[in-house]
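# Observations on the three-dimensional arrangement
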Amino acid sequence: MAKKIPFNVVFATDEDAAFPASELNNHGPTVHGWRSAVDSGLSTHDIIFRFQQPAKIYRIQLLAHQYLIPEKIELWLHYSPKSLPSTPSSQYFDFLGFVALADNANTNHKSRELQSVTVTPRRGTHLKLRLSGAHCNEYSKSGQIALMAVNVLGEDLDAIAISMGEEQLPSESPPVDTATGELALASLCDDLLFSMYVEESIVQHIRELEQRKLQAVSSERFEYARKLKLCMTALRTAGERLGRYALAKRQAVQQEDFSAAKLRKEQIEMYRACVLKQLNVQQLLESDGMLSQNDQSCETYAAGKPNLPPAPSLQDVAQALSDAHLNPSTKLSSSVSQDEKPVNEVSGSSSNAESVGALVASAAALHLHAKSHDELPQSPRLPMASRHSSPMSSRQGSLRRRNKSAPRNSYEDYEERAIPTLRHSNTNEFLRECQGNALLEADPNRSRSRLNDRERRQAALPILVFGSELVEQFYSRQFQDREDGLMRLRNFLKEQEVPSEESNEHAASPNKVARSAALLLHRAVRDAVYSVFNQATETVRVLFLEYVPGRVSPNEVARCVDRLLPELLAKSGDPSARLHTLAQHTILSIAACPQVAEQHLVAPALSRSVGSGTHQRLAMSRLQMLEQLVHTQGISTDKHSGLTCRALSDCGCSGIHHPAEPVRKVAERILLLVYKVNPRLVRKQLPPDDDITRRNLLYRQLFTEFDKLDLERKQELLEANKYSSGNEADSLQPTTSADASRLLKSKSGQVFGGSTGIGTDNGYVSCNGKQQYNEQLKRSMLSASNSRKGSVSNSESTDDTTPKISCPFCGWCCLGSDTSQLDRHYWKTCPFLTKCPQCSQVLEVAALNYHLTMECDAKDNYVVCTRCTESVHKQLYELHQMEDFCRELKTGAARCPLCHDDVNLPLDGGWKLHLLSAGGCPGNIRKRNLKKSN
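Definitions and limits used
- Think of each chain on its own: its residues are numbered from 1, step by step along the sequence as written.
- Given that this is a predicted model, residues contribute local features only at a pLDDT of at least 70 and side-chain atom pairs are listed and counted only at 80 or more, while totals for whole chains, interfaces and linings are drawn from all residues.
- Where side-chain values are given, they derive from all heavy atoms of the structure, hydrogens and water being excluded.
- Numbering of helices and strands runs from the N terminus, with a helix taken as a DSSP run of H or I at least four residues long and a strand as a DSSP run of E at least two residues long.
- Three labels apply to residues, based on accessible area from a 1.4 Å probe with only protein chains included: buried if under 20% of the type maximum, exposed if over 50%, partly exposed otherwise in between.
- Residue contacts follow a heavy-atom distance rule, with two residues in contact if any of their heavy atoms lie within 4.5 Å.
- Here the Shrake-Rupley method, with its probe set to 1.4 Å, supplies the accessible areas, and only the displayed protein chains count as covering residues.
- Put simply, a nonpolar core is a bunch of buried Ala, Val, Leu, Ile, Met, Phe, Trp, Tyr and Cys residues held in one set by side-chain atoms that sit within 4.5 Å of each other.
- Helix span, expected: 1.5 Å multiplied by one less than the number of residues in the helix.
- What makes a patch is a set of residues exposed beyond 30% relative accessible area and free of salt bridges, joined within 9 Å when like-charged and within 5 Å when nonpolar (Val, Leu, Ile, Met, Phe, Trp, Tyr).
- Whenever a carboxyl oxygen of Asp or Glu lies within 4 Å of a side-chain nitrogen of Lys or Arg, that contact is scored as a salt bridge.
- Angles here are taken between N-to-C directions and fall from 0 to 180 degrees, while the axes themselves are lines fitted to C-alpha atoms, restricted in helices to the stretch in contact.
- Comment on the angle field: the value is read as roughly parallel under 35 degrees, roughly antiparallel over 145, roughly perpendicular from 65 to 115, and oblique elsewhere.
- By definition, any crossing whose near helix is turned counterclockwise from its far helix by less than a right angle is left-handed, and any crossing with a clockwise turn is right-handed.
- Under the scheme applied here, ten amino acids are nonpolar (Ala, Val, Leu, Ile, Met, Phe, Trp, Tyr, Cys and Pro), four are charged (Asp, Glu, Lys and Arg), and all others, including Gly, are polar.
- Think of it this way: a Phe, Tyr or Trp ring, Trp meaning its six-membered ring, pairs with another when their centres are within 6.5 Å, and the plane angle makes it stacked under 30 degrees, edge-to-face over 60, tilted otherwise.
- Here a strand pair is declared whenever DSSP counts at least two bridges between the two strands.
- Residues counted as positive are Lys and Arg, residues counted as negative are Asp and Glu, and His and the chain ends are not counted.
- In this description, the location of a charge corresponds to atom NZ of lysine, CZ of arginine, CG of aspartate or CD of glutamate.
- Residues adjacent in sequence count toward polar contacts only when both atoms are side-chain atoms; beyond that, a polar contact is any pair of N or O atoms within 3.5 Å, and within protein one must be able to donate a hydrogen and the other to accept it.
- Cysteine sulfur atoms are paired as a disulfide whenever they come within 2.5 Å of each other.

Going by the annotation in an unreviewed UniProt entry, the name recorded for the protein is Centrosomal protein of 104 kDa isoform X1, with Drosophila albomicans given as the source organism.

Next comes the structure, spelled out in structure tokens:
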């Protein structure tokens, strides 16, 4: 397996005195790294590393600086046996390739780039890095470049391999871990990502535990191996924290703050000893031989990953030092006389362990419920950094051979990882992470930043109204301060009383209070923290629902809405459900304010047309809020309200063309609300209702809903007409038995009128809403009432015994008692009847489709079309579906088998109008014959 190859820097073209090349020999959190000389004037910089013994190289890892970044790093390898002299001038290096580094601008120079290059196995004794170019940025303008760390992974060569003398091993391949597919490492501590994060003493402990784990697995002590694995994971987390403490100690030494450095040193020793004691590291190492306790379950490792002890803060350490000074019996584990003491000696000493345990116990008692962070001075060099930076864009390395006669080289698995620099540098984010809650409680104004000149100019009016302390809370970087500021502002608005004439003249007017509150809330509603945004929306509702009514002028209300509404609309399109729901509720609360509703300030912003490129969440939120406003405030006739029929129909028509289906559904509901009030305007905005338009599923569903609304409207009209005509008919009584039996029932169960039965039964408009039918309905009702009056007057002068024959379907009648005339009428001329094309049976037109598939002798040859519900011959079914008249059936309608048109069915009026009217069924031959006979 691959392991870390130790090396020493033997040559460097130039270096900064404060950052020598020898820094690359070691790895750790406090490593400075190498930097080139300032204004050296060199175009390339060479660094040569000599391995402590010849090795077979598998992988080379390079850790770049966060802002002093070279453009390209070339890799060269040299191999020379120990018998030959080796000097930088006499060495011949083979070119492996080069690595191109990113400029790190996308991370704002807050991350370090780790490049891991896997090469074909090659023997080598020297490695040369040639750095060229420099990425210019705001932090590096002098052309200076740097390199933080270099790591070489491989295997030591044995004596036989050294004697072979070949540099390249073409038949071999790097060892690969079968589980992950990556290079198999002998120890996780050999990875550069690990060694640069974890403190050095913890790294040594982890190495020893890894050896113990291998021995435990070989001897099948699996419980012991499980404890070792969990212990290594916990030690790595503690080692990263100790690395940050060591970095803080080094910074204190550089600033000559030796008191802080002493506290840091004691903090490191206390936390390290406490971690080793709680994790039972000495027991797991089994330095005195195998222990049976390690093969048994214990409380520390019973629930998976063990819990680390709370890290002591600087105040805890200072308090412990003062207690130790007052109590001579208690001594610190880290003596003042010894600068550095091995960890195993500290842990092995029982007296020191007891003293450390006493100090840690006293320190933990001070801040039992507080988070363990530390106070560090801020770094003036780097800006605010983010703990988790986004990965940098990939850069492709290039490989080319300088000497074509040499064997071909290649390296694979080109790896790029963005390494956060916070664990290696003193940035503000690292300082904020190390600050303690106890310090904030002791001095609440410590983390609250003062307003600069620009912010003071922006918040001049709020400072005058609310005071600088509340405004500073709104501009604070701590979200707790911003929440407190919003709560104070909300309480201020709730406690304000309606101003009177005798009120204090020096107090701010309600208009100034509202304007100042809107300025602060405009900043708060844009906050990224959800708790702050929640408090901001609650304050906005208090402002408009409790403070504004009866106090603030309309112009000032309009100014406040114009400032806050765009930000809330933007938040309503947030992908997070809790954010956009809260923003919608706030906007609707603003719209419920009487002053806002009177001036129509919210609805016009919501009723704008929705473009196809509008984000789905934003478009749906706007339409949902508009629909809610229509339900609460209704459709208005004021053209400035934004809730007129034209504005709503324009918005709905633009919404039904949005690519997202949920947006189209909401837009359809808005159009239906407008259609109930003004159907003609909505149909004018849409394409014509014909067969071509209904092929579109969107318009088909919409027009189907329109048909349902038309049906409901016409049924209400018919009921009203029937009620009014019924009141008139109550005064008239039938004089003959023929008038009493005018309504007959057909085979299909529909009721058909007699000779004067077209009156009130045939009243339904088609789906297109034609005006001709309405006029015909009125004329038929008048003619029916006149015929009743005429029959009443004529009944007094005519003989009641005159025989009369009438058709119960179409109203045809003749004088006489010959029933053969009625049979002849049924067989040839009645437009309500037709002959079956298969069995020649006379039956109603409405029952023909049912007869062909269920009753006819040839019913086995017919099927029902799934699209139009007509009865079609099986051999003609495919051709039938290709015809234009084969289309979806409307809701509440039937299909005529003669002309293939839709017939609406409000009782029997639909078939009677379709078969008897002049512009009715064009495929009814009997209607034409009836006209000729007449």
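### Here we look at the overall build of the protein
When its secondary structure is counted, the protein shows 34 helices and 19 strands. Looking at the protein residue by residue over its 934 residues, the buried ones come to 47%. A separation threshold of at least 6 residues defines the contact pool for the protein, and within that pool the share at least 24 residues apart is 68%. For the protein, the accessible surface area stands at approximately 47300 Å², while carbon and sulfur atoms represent 50% of it.

### Details of the nonpolar core
Generally speaking, nonpolar side chains in soluble globular proteins are found buried as a group. Ranked by size, the top nonpolar core spans 83 residues in total, and within it Phe544, Val596 and Leu686 carry the most contacts. Here this core gets 9 residues from one element, more than from any other, and that element is helix H24 (residues 661–675). Not counting chain neighbours up to four residues away, the residues in contact with Val596 comprise Phe544, Val557, Val561, Ile590, Ala591, Leu601 and Val602. Of all hydrophobic cores here, the second largest spans 37 residues; its members include Leu63, Ala225, Cys231 and Val281.

### Here's the deal with H24
The end-to-end C-alpha distance of H24, which contains 15 residues, comes to 21 Å, matching closely the 21 Å that a straight helix rising 1.5 Å per residue would cover. Turning to H24, its buried residues number three or more, namely Val663, Val666, Ala667, Glu668, Ile670, Leu671, Leu672, Leu673, Val674 and Tyr675.

### Describing a nonpolar patch on the surface
Taken together, the side chains of Leu876, Leu879 and Met882 define a hydrophobic patch exposed on the protein surface, amounting to about 340 Å² of accessible area. Looking at Leu876, the relative accessible area reads 48%, which means it is partly exposed.

### Points about unusual backbone geometry
In this structure, Glu256 is a non-glycine residue whose phi angle is positive, near 60°. Tracing the backbone shows Glu256 in the loop between helix H4 (222–254) and helix H5 (258–278). A residue is classified by how much of its surface remains accessible, and Glu256, at 59% relative accessible area, is exposed. The backbone of Ser840 sits at a positive phi, close to 60°, despite the residue not being glycine. Counting through the fold element by element, Ser840 comes out in the loop between strand S14 (833–835) and strand S15 (842–844).

### Looking at the packing of helix H22 (residues 616–633) against H24
For any two helices packed against each other, the geometry is given by the interaxial angle and the distance between the axes. At a minimum axis distance of 9 Å, the contact between H22 and H24 shows a crossing angle of 20°. Relative to H24, H22 is oriented roughly parallel. Taken as a pair, H22 and H24 cross one another with a handedness that is left-handed. Of the residues in H24, those touching H22 at Gln616, Ala619, Met620, Leu623, Gln624, Leu626, Glu627, Val630 and His631 are Pro662, Val663, Val666, Ala667, Arg669, Ile670 and Leu673. For the contact of H22 with H24, the class distribution of residues is 11 nonpolar, 3 polar and 2 charged.

### Focus: the packing of aromatic side chains
According to the stated counting rule, one finds 9 aromatic pairs in the structure shown. On the numbers, 5.5 Å between centres and 50° between planes, the contact of Tyr67 with Tyr139 is tilted. One end of the pair, Tyr67, is in the loop between strand S4 (44–64) and strand S5 (72–78); the other, Tyr139, is in the loop between strand S7 (111–132) and strand S8 (146–156), with 72 residues separating them in the sequence. A single burial state applies to Tyr67 and to Tyr139, both of which are buried.

### A look at the pairing of S8
Two faces make up the sheet, and in a regular strand the side chains alternate between them. The buried count for S8 comes to 9 of 11 residues, which makes it a mostly enclosed element. In the sheet, strand S1 (residues 3–4) pairs with S8 via 2 bridges, with the strands oriented antiparallel. Bridging from a neighbouring strand, Lys4 pairs with Leu153 of S8. The pairing of strand S3 (residues 34–35) with S8 spans 2 bridges and is classified as antiparallel. The partner of Arg35 across the bridge, within S8, is Ala146. In terms of strand pairing, S4 meets S8 through 9 bridges, oriented antiparallel.

### Here we look at a positive patch on the surface
A cluster of basic side chains, namely Arg454, Arg457, Arg523 and Arg526, defines a positive patch on the protein surface. Along the chain, the position of Arg454 falls in helix H12 (residues 453–458).

### Overview of the pairing of S4
Extensive coverage of S4 is indicated by the burial of 17 of its 21 residues. In this sheet, S4 lies alongside strand S2 (residues 7–12) in antiparallel orientation, the contact comprising 5 bridges. Bridged to Phe11 within S4 is Ile48. Here S4 runs beside S7; their pairing, made up of 15 bridges, is antiparallel. Residue pairing for S7: Thr44 is matched across the bridge by Ser132.

### Concerning the environment of Arg122
Within the element layout of this structure, Arg122 appears in strand S7. We classify Arg122 as buried; its relative accessible area is 5%. Once the C-alpha coordinates of Arg122 and Leu77 are considered, the two residues, 45 residues apart in sequence, prove to be 8.6 Å apart.

### Digging into the environment of Ser80
Its place among the elements puts Ser80 in the loop between S5 and strand S6 (94–100). Classification of Ser80 as buried rests on a relative accessible area of 10%. Separated by 26 residues in the primary sequence, Ser80 and Pro54 have C-alpha atoms spaced 8.4 Å apart. Polar contacts involving the side chain of Ser80 include one to the side chain of His78, which spans 3.4 Å.

### Things to note about the packing of helix H23 (residues 645–655) against H24
One way to put it is that H23 packs onto H24 with a least axis distance of 8 Å and a crossing angle of 155°. By the angle between their axes, H23 is roughly antiparallel relative to H24. Crossing hand, H23 versus H24: left-handed. Between H23, through Cys645, Leu648, Ser649, Gly652, Cys653 and Gly655, and H24, the contact on the second element is made entirely by Val663, Arg664, Ala667, Ile670, Leu671 and Val674. Considered class by class, the residues forming the contact of H23 with H24 number 8 nonpolar, 3 polar and 1 charged.

### Some points on the pattern of salt bridges
By the definition in use, this model includes 29 salt bridges. Taking the shortest distance from any N to any O, the salt bridge between Lys56 and Glu155 comes out at 4.0 Å. With Lys56 in strand S4 and Glu155 in strand S8, this residue pair connects regions lying 99 residues apart in the sequence. Here Glu556 makes a salt bridge to Arg559, at a shortest N to O gap of 2.6 Å. Here Arg559 and Glu556 lie together in helix H18 (residues 554–572), a separation of 3 residues that amounts to about one turn. Here the salt bridges share partners, and the residues they tie into one network are Arg683, Asp689, Arg694, Asp707, Asp710 and Arg713.

### Let's talk about the state of the cysteines
Among covalent bonds in proteins, the disulfide is the one between the sulfur atoms of two cysteines. Tallied over the full model, the rule gives 0 disulfides. Here Cys830 is not disulfide-linked; the sulfur of Cys807 is the nearest cysteine sulfur, at 3.9 Å.

### Some points on the environment of Ala524
Inspection of the secondary structure puts Ala524 in helix H16 (residues 510–524). Taking the C-alpha atoms as reference points, Ala524 and Glu483, 41 residues apart in sequence, are found 9.3 Å from one another. Setting aside its immediate chain neighbours within four residues, Ala524 contacts Phe474, Leu486, Val532, Phe533 and Ala536.

### A short note on the side chain of Thr704
Mapped onto the elements, Thr704 comes out in helix H27 (residues 697–729). Look at Thr704 and you get buried, because its relative accessible area is 16%. Reaching out from Thr704, the side chain makes a polar contact with the backbone oxygen of Arg700 at a distance of 2.6 Å. With residues up to four places along the chain from it excluded, the contact list for Thr704 reads Arg694 and Thr891.

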